[in-house]
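Each chain, letter by letter, is given below.
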Amino acid sequence: MPRLGDRIWTVGGLLRAGVAGALVAVATVGAIAHVRNHETLARQATLRESAVTLSRIGEVQAVLGTEPVDAGTLRHKTAEAARLTGSDPVHRDYLDRLDPSAGVTELRAAAEGMRRHEETVLDRRLGEAGATARTSRWLIVWVSVVALLLMLAGGRLLERRFSAASREISAAVRRVRRGDWTTPAAVRSPRELADVATVLNESMATTATARNNADAATAAGAAFLGAMSQEIRTPMTAVTGMTALLRDTPLDDRQRELTETVHASGTALLAAVDDLLDLARIEAGGLTLDRRPFSLRGCMRRAMDPVAAAAETKGLHLSGHLASGCPERIRGDEKRVRRILSAILRQAVAHTDHGAVTVSASARPRDDGLEVRFSVRDTGLGVPVDRPGDPGMLLCRRLAGSMGGAVTAESRPGHGTTVTVTLRAEEAAQPGRLQRRVDGRKQALLVLVAEDDPVDQRLTRRMLERRGHRVLTVADGEAAVEAALRDRYDLLLMGSGLLVLDGPTAVRLIRADPPSHGAPRIIAVCSDADELEDFARAGVDGVLARPVDADDLDVVLATAAAYADVRLAGLGPLPGPDDSEPATIRACVDVIAGPDAEPAERRRLAHILHNYADRLPGLLDRMDEAAATGDTRNLARLAHALKASSATLGANQFAALCADLEDRAQHHPEDSPEVLRDLHDRAGEVSGTMEALSRQLSRSG
């Protein structure tokens with residue numbers, strides 16, 4: 001509550017009051033000095049009078065000192081002395097005795113008495129003058145000190161009034177810079193600064209209200225856009241998925257053209273919806289980035305796929321490569337990196353009529369990870385830098401900024417444009433060849449699909465059944481948990497927005513109380529990074545992005561088939577996603593050769609491990625020979641046998657490579673040598689672990 005008089009004082013009023021106080025103090029000191037000076041002057045006049053009186057008395061004594069005494073001179077001098085001392089009764093008494101008729105001795109005694117009396121008066125007057133001077137001096141000093149203290153107190157009061165108000169206004173400005181628009185500046189005086197604070201507070205309140213309204217509008221718009229886009233994404237996912245299945249059926253040229261058009265249009269619409277969603281999330285400050293390992297080379301290839309047809313039509317050479325020293329795999333948001341590159345490539349192809357469009361990637365280490373740099377160069381007419389790009393380029397800049405990077409362009413009209421994208425990422429470990437393109441039809445799996453949308457259920461079922469797998473669908477999380485606990489499934493595809501129990505909650509329940517026959521491999525089907533984080537905390541084994549890509553689904557199915565072999569063997573635990581090959585082998589051997597195993601069993605297991613390590617090089621040589629001669633049937637048979645024995649002994653990643661080789665021998669034999677090289681690279685680690693465990697078991701047995 002304001003104090004009385006707070007807003008009466010102005011800056012000018014306070015300054016005038018301070019000056020007036022100083023002038024009053026100076027005037028007071030001057031008046032006191034003037035009065036005391038007047039008293040001092042009066043004292044000095046009496047001293048001069050005493051000096052003159054002593055001089056006249058001396059003249060009288062001089063007359064009396066001559067012989068004979070001149071009566072006339074004596075009367076004259078006595079009259080002068082009487083004029084000076086007539087008011088003093090003592091002197092009057094002595095003057096009465098100075099009668100010329102009296103004797104000389106009496107006259108001299110009277111004059112001497114007058115002299116001594118006047119000297120006494122002079123001494124008294126000198127003491128009074130000194131006391132007056134000292135009193136005046138100290139009075140002036142103390143009055144000056146009091147005036148100075150009053151001036152200092154007044155100055156301090158003025159300084160407090162000014163500085164406190166200024167500090168409060170400055171603090172309010174600093175709070176605004178930090179984003180605090182709610183704490184006002186509490187200034188009540190002086191009036192000018194109080195008015196400044198009032199204007200500042202009103203501006204803060206207006207800005208805060210406008211910001212809150214804008215945030216609310218942005219949030220409402222984002223929520224509305226999210227809801228509407230989800231309503232669009234769900235049927236469009238079905239359209240693109242079903243048309244993708246339709247393309248694989250017998251169609252005439254006209255039907256295939258129509259199907260391709262519908263599929264391409266649906267894919268473009270889905271991409272546009274994703275762009276709008278990301279822009280809305282960025283504006284609302286709610287964009288969550290994915291942090292998963294992905295292949296840089298594969299990301300660039302997928303980014304070039306949408307513009308490959310347009311580049312081919314225009315006769316452009318479209319290519320991509322990694323710079324020397326650039327890691328093959330990084331950890332980051334592949335989907336959004338690919339979206340950035342696709343938008344830039346579309347613009348490059350659109351503005352290039354001849355020549356080439358190339359995309360390259362390089363990376364350099366930083367304290368906080370990697371700085372990945374993509375460069376997209378074209379040899380077309382070039383786009384002037386000051387010309388605004390399309391809406392896709394706006395999204396590129398926003399996405400790159402959210403990843404700690406930027407998008408820059410260097411354009412020379414007539415020579416082409418180089419667009420550079422910098423991003424922050426982390427280097428990821430190289431996981432071998434488990435995520436290459438594979439065919440998911442090599443082994444029939446029992447798959448549980450948990451999806452609440454009937455269209456998504458049908459689409460996923462068709463994709464799985466076309467690959468030869470058996471499928472059971474459920475519509476809510478509770479039914480998914482009951483099915484996983486009741487029956488043995490090889491794979492569980494779990495959606496997020498399920499009824500009764502959502503996807504992450506259902507995964508937690510399965511992980512918390514796994515069935516006796518073993519939990520299935522659980523793959524989350526996610527629409528965005530927020531869902532991915534929820535599933536990752538729940539403990540899923542992998543993720544599929546929605547809409548489901550056929551190649552990604554094949555990778556999941558091939559990996560699930562290798563894991564199913566381990567489960568069917570009944571030996572050893574299922575490997576985790578981050579377990580090393582030696583760790584899974586040791587875990588499997590520990591289960592087989594438990595603490596209750598007999599020495600003979602340990603020796604037998606040691607012999608099995610030794611035989612595996614001893615036979616592995618020869619088996620790989622036979623595979624090389626089969627691949628070289630084109631004996632794909634024998635190659636598939638050898639890969640299948642090695643897959644089974646490797647999985648039995650816990651070499652699950654090695655077994656998955658064998659499963660990949662078996663698949664390629666049957667469907668893509670030209671790619672078999674690449675997988676064989678991976679097997680040779682990993683064989684030393686696997687056989688070395690087997691031999692070490694064999695020696696340990698032999699000593700303990």
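1. Focus on the overall build of the chain
Looking only at helices and strands, the chain has 19 helices and 12 strands in total. Taken over 701 residues, the chain has a buried fraction of 41%. Long-range pairs, those at least 24 residues apart, make up 71% of the contacts in the chain with a sequence separation of at least 6. When the accessible surface of the chain is split by element, carbon and sulfur atoms take 56% of a total near 36,200 Å².

2. Overview of the pattern of salt bridges
Scanning all chains against the criterion turns up 16 salt bridges. Between E371 and R364 there is a salt bridge, with the nearest N and O atoms lying 2.8 Å from each other. Residue E371 is classed as buried on the basis of its relative accessible area of 11%. The partner of R366 in a salt bridge is E371, and the shortest N-O contact between them spans 3.6 Å.

3. Regarding the sheet that holds strand 12 (residues 542-545)
As summarised here, the arrangement of the five strands in space is 9-8-10-11-12, forming an open sheet in which the pairing is parallel. The strands lining the two open edges of the sheet, one partner per strand, are strand 9 (470-474) and strand 12. Averaged over all adjacent pairs, the angle separating strand axes in this sheet is 25°, with direction ignored. As paired elements, strand 8 (residues 446-450) and strand 10 (residues 491-494) share four bridges and run parallel to each other. Bridge pairing in strand 10 places V449 opposite L493. The sheet contacts of helix 10 (residues 454-466) involve strand 8, strand 9 and strand 10, and relative to strand 9 the element is tilted by about 170°. Strands in contact with helix 11 (residues 477-486) are strand 8, strand 9 and strand 10; relative to strand 8, the strand with the most contacts, it is inclined by about 160°.

4. Let's talk about the environment of D534
Relative to the assigned elements, D534 resides in helix 13 (residues 529-538). Along the primary structure D534 and A524 are separated by 10 residues, whereas in three dimensions their C-alpha atoms are 9.9 Å apart. Apart from residues lying up to four places away in sequence, D534 is in contact with P504 and R508. At a separation of 2.6 Å, a polar atom in the side chain of D534 contacts the side chain of R537.

5. Some thoughts on the confidence of the model for the chain
Mean pLDDT over the chain stands at 77; residues scoring 70 or higher make up 85%. Every residue in residues 431-441 is under pLDDT 50, and counting partners more than four places away or in other chains gives 36 contacts. A low-confidence stretch, residues 568-578 stays under pLDDT 50, and its non-local contacts, those more than four residues away or across chains, total 20 contacts.

6. Re the pairing of strand 8
Along strand 8, five of the five residues are buried, which leaves the element largely enclosed by surrounding structure. By the alternation rule, side chains of strand 8 split into L446, L448 and A450 and V447 and V449, which are all buried. The β-α-β motif built from strand 8, the intervening helix 10 and the parallel element strand 9 has right-handed crossover chirality.

7. Details of the side chain of S687
Within the secondary structure, S687 sits in helix 19 (residues 672-700). Apart from residues lying up to four places away in sequence, S687 is in contact with A613 and L616.

8. Looking at the pairing of strand 10
With burial as the criterion, each face of strand 10 is covered, one bearing L491 and L493 and the other bearing L492 and M494. For strand 10 and strand 11 (residues 521-526), the ladder comprises four bridges, and the chain directions are parallel. Following the sheet pairing, L491 is matched in strand 11 by R521. The parallel pair strand 10 and strand 11, bridged by helix 12 (residues 503-512), forms a crossover whose chirality is right-handed.

9. Some details on the environment of P504
Tracing the backbone shows P504 in helix 12. Through-space distance from the C-alpha of P504 to that of F535 is 5.1 Å; in sequence the pair is 31 residues apart.

10. Quick word on the nonpolar core
In terms of nonpolar packing, the biggest core is built from 40 residues, with I340 and F374 touching the most fellow members. Contributing elements (two or more residues each) for this core: helix 7 (296-313), helix 8 (334-350), strand 4 (356-366), strand 5 (369-378), helix 9 (391-402) and strand 7 (416-427). Per element, the largest residue contribution to this core is eight residues, and it comes from helix 8. Those residues within four positions of F374 in sequence are excluded, and the remaining contacts are L296, M300, V337, L341, S360, A361, V419, T420, V421 and L423.

11. Description of helix 7
Taking 1.5 Å per residue as the helical rise, helix 7 with its 18 residues ought to reach 26 Å, and the 26 Å between its terminal C-alpha atoms agrees with that figure. Residues of helix 7 that are buried: L296, G298, C299, M300, A303, M304, V307 and A311. Buried positions along helix 7 lie against strand 1 (292-295), strand 2 (317-322), strand 3 (329-332), helix 8, strand 4 and strand 5. Of the residues flanking the start of helix 7, the one acting as N-cap is S295, its side-chain oxygen 3.4 Å from the backbone nitrogen of R297. Immediately beyond the C-terminal end of helix 7, within one or two residues, lies G315, with a positive phi of roughly 75°.

What counts and how
- Residues numbered from 1 in each chain as written.
- Predicted model: local features only at pLDDT ≥ 70, side-chain atom pairs only at ≥ 80, totals over all residues.
- Heavy atoms only, no water.
- Helix = DSSP H or I, 4+ residues; strand = E, 2+ residues; numbered from the N terminus.
- Buried < 20%, exposed > 50% of the residue type's maximum accessible area, 1.4 Å probe, protein only.
- Contact = heavy atoms within 4.5 Å.
- Areas by Shrake-Rupley, 256 points an atom, 1.4 Å probe, with all protein chains shown as cover.
- Salt bridge = Lys/Arg side-chain N within 4 Å of Asp/Glu carboxyl O.
- Pairing = 2+ DSSP bridges.
- Axes fitted to C-alpha atoms, helices over the stretch in contact; angles between N-to-C directions.
- Polar contact = N/O pair within 3.5 Å; in protein donor to acceptor, adjacent residues only side chain to side chain.
- pLDDT = per-residue confidence, 0-100.
- Right-handed = clockwise from strand over helix to strand, strands pointing away.
- Core = buried A, V, L, I, M, F, W, Y, C linked by side-chain atoms within 4.5 Å.
- Expected span 1.5 Å × (residues − 1).

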